[in-house]
Amino acid sequence: TKATHQVAEGDFDVALPPERDDEIGELILSFGTMLKRLQSTELLRTNFITDISHEFKTPLTSIKGYTHLLQDATPEERAHYISIITEEADRLSQMTSNILLLNKLDQQEHEADFTLFSLDEQIRKAILLAENRWQDKRIVYEINLDKASCFGNETLLHQVWVNLIDNAIKFSHFDSKITIETISRNGKAYISIKDYGMGIPKDCVTKIWERFYKTDLSRGKDKKGTGLGLSIVKEIIQAHGENINCISTEGVGTEFIFTLPLAKEQKEHA
């Protein structure tokens, strides 16, 4: 009872009595398991807050610095400084939106918004949204999309395509290619998004899903990124009961492979 009171007060450093071979012993064992999970969750929360503070500090410092420089700036310098301030403010806004989305996923506030929609049409729309960026790099697409209906959170899955396609464009070379393929089989849509760009260092592949993690290549390529895009992608896919894998070779390219459940009527047809 004393231990439960300590935990209720947020103190997880609780000394449990020795093990016993009865019902109380089973309770002690379960209580110990609960404590370890609570300690792990608290550590993740603390680290997340630390990461957020660090990521917010950089653009805020930049905004503050350039705001001071505006006072004695020439018209040309003022226009340049205002542009930087606007970009950093947009970055903060995007980061806030991503954090709110992650919180929504953590709280599992998404299943009520599941609807039936066309998966192939949604992917095509996401490609068109990024048209300016892939045309600027003269990237061509190789697209092979089975007609597929999905029952899921359409808004969240739209974010998956936006993030993965944006990543593919960002790390592709000029005059390169991106391939996107979906195959409907056995009640699932098998999806591949592949670029032929910079690739990811071998020791970084397993870390790319971590919140706020950026590879050295990413830091050099996109200093304005939040390091949350792939974390969001993975959590959205997992929220639909599936998983996502990454295959990458540095200097060759990167492929993201995952599945999504087809709508019920399409499962029966398959």
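Here, every reference points to the structure presented above.
Residues numbered from 1 in each chain as written. Predicted model: local features only at pLDDT ≥ 70, side-chain atom pairs only at ≥ 80, totals over all residues. Heavy atoms only, no water.

Enquirer: I would appreciate a short explanation of the overall build of the protein chain in the present structure.
Expert: Broken down by element type, the protein chain carries nine helices and seven strands. Here the protein chain holds 270 residues, and 42% of them are scored as buried. Pairs at least 24 residues apart make up 69% of the contacts formed inside the protein chain by residues separated by at least 6 positions. (Helix = DSSP H or I, 4+ residues; strand = E, 2+ residues; numbered from the N terminus. Buried < 20%, exposed > 50% of the residue type's maximum accessible area, 1.4 Å probe, protein only. Contact = heavy atoms within 4.5 Å.)

Enquirer: Explanation requested: the packing of helix α6 (residues 154–170) against helix α8 (residues 229–239) in the structure shown.
Expert: Helix-helix packing is described using two parameters, namely the angle between the two axes and the distance between the axes. Direction vectors running N to C along α6 and α8 enclose 140°, while the axes themselves pass 9 Å from each other. On the basis of the axis angle, α6 is oblique to α8. Judged by the twist between their axes, the crossing of α6 over α8 is left-handed. Judged by residue contacts, Leu156, Leu157, Gln159, Val160, Asn163, Leu164 and Asn167 of α6 engage Gly229, Leu230, Ile232, Val233, Ile236 and Ile237 from α8. (Axes fitted to C-alpha atoms, helices over the stretch in contact; angles between N-to-C directions. Parallel < 35°, antiparallel > 145°, perpendicular 65-115°, else oblique. Left-handed = near helix turned anticlockwise from the far one by under 90°.)

Enquirer: Honestly, the pairing of strand β5 (residues 188–195) in this entry has me stumped. Any pointers?
Expert: Each regular strand carries side chains that alternate between the two faces of the sheet. As judged from the eight bridges shared by strand β4 (residues 177–185) and β5, these two strands associate in the antiparallel manner. Across the sheet, the residue bridging to Glu181 is Ser192, located in β5. Connecting β4 to the next strand, β5, in antiparallel fashion are two residues, including Asn186 with a positive phi near 55°. Bridge analysis of β5 against strand β7 (residues 253–261) gives eight bridges, and the strand direction is antiparallel. Bridge pairing in β7 places Ile191 opposite Phe258. (Pairing = 2+ DSSP bridges.)

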